[in-house]
Amino acid sequence: LQAEGDISQSGNFITQGHITASGNISGSSATTASFGKVTIGTATPENDTTSLTVNGGAGGKHLAYFERTIGGTGAFISINANSLDPQIRFYANNTNRQAAIGVDNDNGNFVIANGSATSGNEAMVMEFSTGNFGIGTTTPTTKLQVTGNISASGVIHTEMGITSSGDISILGTKILRFGDNEWGIQNSGDDLNFLEVGSADGRLYLKSGGNVGIGTT
């Protein structure tokens, strides 16, 4: 069967061979179709078990594009290889509300980006060669490296140490604990209290004026 124009049917169209089209194959929103293997942009599947093979994406354009057009417009998800960086892009109908995840082709890093492309918009990276994670940095030298401030409303546990090139701040009357939660340092107003955790009274007090109290405030 060879047709120069459109083919339309109201029932099923069944073939045991191939369907080849130089133009578009389209259907209504109520159309249901099933295929064994589908290729787009190529006549050859990636391998004999690949159900969908898509070739294209020249110039970093979309390899696949999914947009909500029913009950809302503009938001989409796309797959592309912008600047040879394979990525999935998420767009929420606003240029300030988009993100991408993918791999940086230059260094192999896995990237979570706060923009339309992974390169140059890195919010978090996993370094390919080390497995280190970086937030605010693309070259983490430890298992987790954060460039910027870290805030926690709960408890931070460490079996090793905490190293900071900046300040470590404890707000309110929280306790900085040492050992097996037995000893701690607590700020009390403008004073500093060295205490045995669980004891009603502190063991040593450092007053804001410089006075030191042992067993007394």
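Above: the structure in question.
Residues numbered from 1 in each chain as written. Predicted model: local features only at pLDDT ≥ 70, side-chain atom pairs only at ≥ 80, totals over all residues. Heavy atoms only, no water.

As a further point, take the overall build of the protein. Broken down by element type, the protein carries zero helices and 15 strands. Sorting the 217 residues of the protein into buried and exposed places 16% on the buried side. Looking at the protein as shown, the accessible area adds up to about 16,800 Å², and 51% of this sits on carbon and sulfur atoms. (Helix = DSSP H or I, 4+ residues; strand = E, 2+ residues; numbered from the N terminus. Buried < 20%, exposed > 50% of the residue type's maximum accessible area, 1.4 Å probe, protein only. Areas by Shrake-Rupley, 256 points an atom, 1.4 Å probe, with all protein chains shown as cover.)

Moving on, we get to the side chain of aspartate 191. With respect to the helices, strands and loops of the structure, aspartate 191 is situated in strand β13 (residues 191-196). Classification of aspartate 191 as buried rests on a relative accessible area of 19%. A distance of 2.8 Å separates a polar atom in the side chain of aspartate 191 from a polar atom in the side chain of lysine 207. A polar atom in the side chain of aspartate 191 sits 3.1 Å from the backbone nitrogen of serine 208. If near-sequence neighbours (up to four positions away) are discounted, aspartate 191 is found in contact with Gln186, Leu206, Lys207 and Ser208. (Polar contact = N/O pair within 3.5 Å; in protein donor to acceptor, adjacent residues only side chain to side chain. Contact = heavy atoms within 4.5 Å.)

On to the packing of aromatic side chains. Under the criterion given, the structure shown has two aromatic pairs. Their ring planes at 35 degrees and their centres at 4.8 Å tell us that tyrosine 65 and phenylalanine 76 sit as a pair that is tilted. Taken together, the residues span a long stretch of sequence, with tyrosine 65 in strand β3 (residues 62-67) and phenylalanine 76 in strand β4 (residues 76-82) at a distance of 11 residues. Residues phenylalanine 76 and tyrosine 91 carry aromatic rings whose centres are separated by 4.9 Å and whose planes lie at 15 degrees to one another, so their mutual orientation is stacked. Taken together, the residues span a long stretch of sequence, with phenylalanine 76 in strand β4 and tyrosine 91 in strand β5 (residues 85-91) at a distance of 15 residues. Each member of the pair, phenylalanine 76 as well as tyrosine 91, is classed as buried. (Phe/Tyr/Trp six-rings, centres within 6.5 Å; stacked < 30°, edge-to-face > 60°.)

This part covers the sheet that holds β4. Read across the open sheet, the eight strands follow the order β3-β4-β5-β6-β7-β8-β9-β10; overall the sheet is mixed. Whereas interior strands pair on both sides, the edge strands pair on one side only; in this sheet they are β3 and β10 (144-146). Adjacent strand axes in the sheet meet at a mean angle of 15 degrees when their direction is disregarded. Pairing of strand β9 (residues 133-135) with β10 involves three bridges; the strand directions are parallel. Residue pairing for β10: phenylalanine 133 is matched across the bridge by leucine 144. (Pairing = 2+ DSSP bridges. Axes fitted to C-alpha atoms, helices over the stretch in contact; angles between N-to-C directions.)

Looking now at the environment of isoleucine 19. Structurally, the position occupied by isoleucine 19 is in the segment before β1 (38-40). Sequence separation of isoleucine 19 and valine 38 is 19 residues, and the distance between their C-alpha atoms is 9.5 Å. When neighbours within four sequence positions are excluded, isoleucine 19 is seen to be in contact with Phe13 and Ile25.

Let's shift gears to unusual backbone geometry. Positive phi, normally seen in glycine, also occurs at serine 83, with a value near 55 degrees. Following the sequence through the fold, serine 83 ends up in the loop between β4 and β5. Positive phi, normally seen in glycine, also occurs at asparagine 93, with a value near 60 degrees. You can see asparagine 93 is positioned in the loop between β5 and β6 (98-103). The exposure class assigned to asparagine 93 is partly exposed, which follows from its relative accessible area of 46%.

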